[in-house]
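# Coordinate inspection notes
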Amino acid sequence: MTGRCPGVVSTASALALLLAAVATNGSRPSAASPGRGRISQLAGTISNRVLEGLDPDVVVERLDINVLLARVDVGVLLDRVDVDTLLARVDVDALLLRVDVNALLERADVNELLKRVDVDAILAGIDVNAVTGRVDLERMLDGVDLQRLARRAGLPELIADSTGQVAGSALDLARRQLVGLDVGIGRLIHRLLGRDPDTLPTGPAALVASGRERIEPPEPTRSRVRARMEVSGFYAGAVSRVLACGGDVALATSSFAVGVATLLWFLSTLWGVVLGTGPRAGPWWTVALGAWLMLYWSVSTALAGRTPVMLLAGLRVVSRDGSPLRPRQALLRTACLPLSLLAFGAGAAWMVVDRERRGLHDLVAGSTVVYDWGGRPADMPTPVARWIAAHSDGRESR
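A brief look at the structure comes next. Quantities reported herein were computed from a predicted structural model and do not represent experimental measurements.

In this section: the overall build of the protein. Broken down by element type, the protein carries 20 helices and two strands. Counting the 398 residues in the protein, one finds 25% classified as buried.

As a further point, take the side chain of Asp-172. Position of Asp-172 relative to the elements: it lies in helix α14 (residues 155-192). Given a relative accessible area of 8%, Asp-172 falls into the buried group. Excluding anything up to four places from it in sequence, Asp-172 contacts Trp-373 and Arg-376.

Burial analysis of strand β2 (residues 367-371) places five of its five residues in the buried class, the great majority of the element. Side-chain alternation along β2 places Ser-367, Val-369 and Tyr-371 on one buried face and Thr-368 and Val-370 on a second face that is also buried. For strand β1 (residues 315-319) and β2, the ladder comprises five bridges, and the chain directions are antiparallel. When the sheet's bridge partners are listed, Val-318 is paired in β2 with Thr-368.

On to the pattern of salt bridges, then. Two side chains with opposite charge may pair up if their charged atoms get near one another. According to the stated counting rule, one finds seven salt bridges in the structure shown. Across the pair Asp-172 and Arg-175 runs a salt bridge whose closest N-O atoms are separated by 3.4 Å. Residue Asp-172 and its partner Arg-175 are both found in helix α14; the two are separated by three residues, about one turn of the helix. The exposure classification of Asp-172 matches that of Arg-175, with both residues buried. Of the charged contacts in the structure, one is a salt bridge between Asp-362 and Arg-333, with a shortest N-O distance of 2.7 Å. Placement of the pair is Asp-362 in helix α19 (residues 360-365) and Arg-333 in helix α18 (residues 327-353), with a sequence separation of 29 residues. Each of Arg-241, Arg-333 and Asp-362 takes part in a single network of salt bridges with overlapping partners.

Before going further, it helps to examine the nonpolar core. Counting 26 residues, the largest nonpolar core has Val-179, Val-231, Leu-315, Tyr-371 and Met-380 as the members making the most contacts within it. Of all the elements in the fold, those that place two or more residues in this core are α14, α15 (238-271), α16 (282-304), α17 (308-313), β1, α18, β2 and α20 (382-397). In terms of residue count, α17 provides more of this core than any other element does, three residues in total.

Turning to the packing of aromatic side chains, a few remarks are in order. Inspection of every chain in the model, using the stated rule, returns two aromatic pairs. Geometrically, the ring pair formed by Trp-265 and Phe-266 is edge-to-face, given 5.1 Å between the ring centres and 80 degrees between the ring planes. Note on Phe-266: relative accessible area 39%, which makes it partly exposed.

The next subject is the side chain of Ser-240. With respect to the element layout, Ser-240 can be found in helix α15. For Ser-240, a relative accessible area of 1% puts it in the buried group. Among the polar contacts made by the side chain of Ser-240, one reaches the side chain of Asp-182 at a distance of 2.6 Å. Residue contacts for Ser-240: discarding those within four places in its chain leaves Leu-178, Asp-182, Leu-315 and Tyr-371.

Right, let's talk about α15 for a bit. Along its 34 residues, α15 runs 48 Å from first to last C-alpha, staying within 8% of the 50 Å computed at 1.5 Å per residue. Within the span of α15, buried status applies to Ser-240, Arg-241, Ala-244, Asp-248, Ala-252, Phe-256, Val-260 and Leu-267.

Trans peptide bonds make up the majority, and among non-glycine residues the majority have a negative phi. Of note, Arg-357 is a non-glycine position whose phi angle comes to about 55 degrees, a positive value. Locating Arg-357 in the fold gives a position in the loop between α18 and α19.

Position of Leu-178 among the secondary structure elements: in helix α14. Leu-178 sits 135 residues away from Ala-313 along the chain, and the two C-alpha atoms are 8.2 Å apart. With residues up to four places along the chain from it excluded, the contact list for Leu-178 reads Val-239, Ser-240 and Leu-243.

Here is what the cut-offs are and how they apply
- Residues numbered from 1 in each chain as written.
- Predicted model: local features only at pLDDT ≥ 70, side-chain atom pairs only at ≥ 80, totals over all residues.
- Heavy atoms only, no water.
- Helix = DSSP H or I, 4+ residues; strand = E, 2+ residues; numbered from the N terminus.
- Buried < 20%, exposed > 50% of the residue type's maximum accessible area, 1.4 Å probe, protein only.
- Contact = heavy atoms within 4.5 Å.
- Pairing = 2+ DSSP bridges.
- Salt bridge = Lys/Arg side-chain N within 4 Å of Asp/Glu carboxyl O.
- Core = buried A, V, L, I, M, F, W, Y, C linked by side-chain atoms within 4.5 Å.
- Phe/Tyr/Trp six-rings, centres within 6.5 Å; stacked < 30°, edge-to-face > 60°.
- Polar contact = N/O pair within 3.5 Å; in protein donor to acceptor, adjacent residues only side chain to side chain.
- Expected span 1.5 Å × (residues − 1).

Geometry only, nothing functional implied.
Here is the structure:
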């Protein structure tokens, strides 16, 4: 039917529509109006024949959509649309598959969209308790490697550094007080002997050049004016050395007692051997203790230049010129240490009056003891350093 003349189609269509209208306005055939019934039947037959011969494409092409839409009452049309039935027949999955999300997002103005979002209303509508109640924390934490997380965050190093800094600060505070006592007592003794403490050597030439060069000037920008004198490499005073020696004696004796008790227990338990503990055994135990003390002092000073307690006190044994102590010197110094304690400690007391603060055992071994706090600078307490700085400046001005 696509080859038929459009004019014929239009006429036929109009005729069919006219007959259909007549048929619609009429009633069913009855005995009272047999003619009207035949006309209706004839109109229905003609309209069917005409509709069968219509070409829908030709009809659609002849339609003016704009004119048609202009004559449509959209409100009435929407009122007659059943939205629920329409949505029920929509295949949402198929519709989403045909949506180009990228093109949709490109056309969306995100800033304008965010301006229209009421964040407070969204947050107000969220039930935080319900959200947190549905979170399984144990299951969540089961999948987290806490040790690896802590290592990546550097927590072990941070804790170790913090602990080390606190312990180091407390230890340096105690050392600083010992240095203050050494300096105060030493200057007093030198004054009594008629010496000027500022003209005496401060330490071995290889370790220090001049004590005055280590005095830091006050800092007026701070709330407290600080002046600190560093004493690393300076000759150690009598107070810190005597306390360190006493601590080493206590530590060495305690370790000897613990070692002997452990040895006796093993011998009696494993092999049934019981060593003598009576009066006759006393001299032998004294000799053993003396040998242990010799071993304790000589090995520790030969290997590290100081004993464990000297390490805590911030002291180190060096040669007279400041070089590391040699093993022969360490052994000779340890052997002569008891001689310094004879005659009421006269040999050890010599360090109080000696210019380099050396005892008899240091004179024999060619050694001396200096301040050494490891990686941190040894310094005096601030009041002592300020007093020395002020006293030195006042004498130089005269």
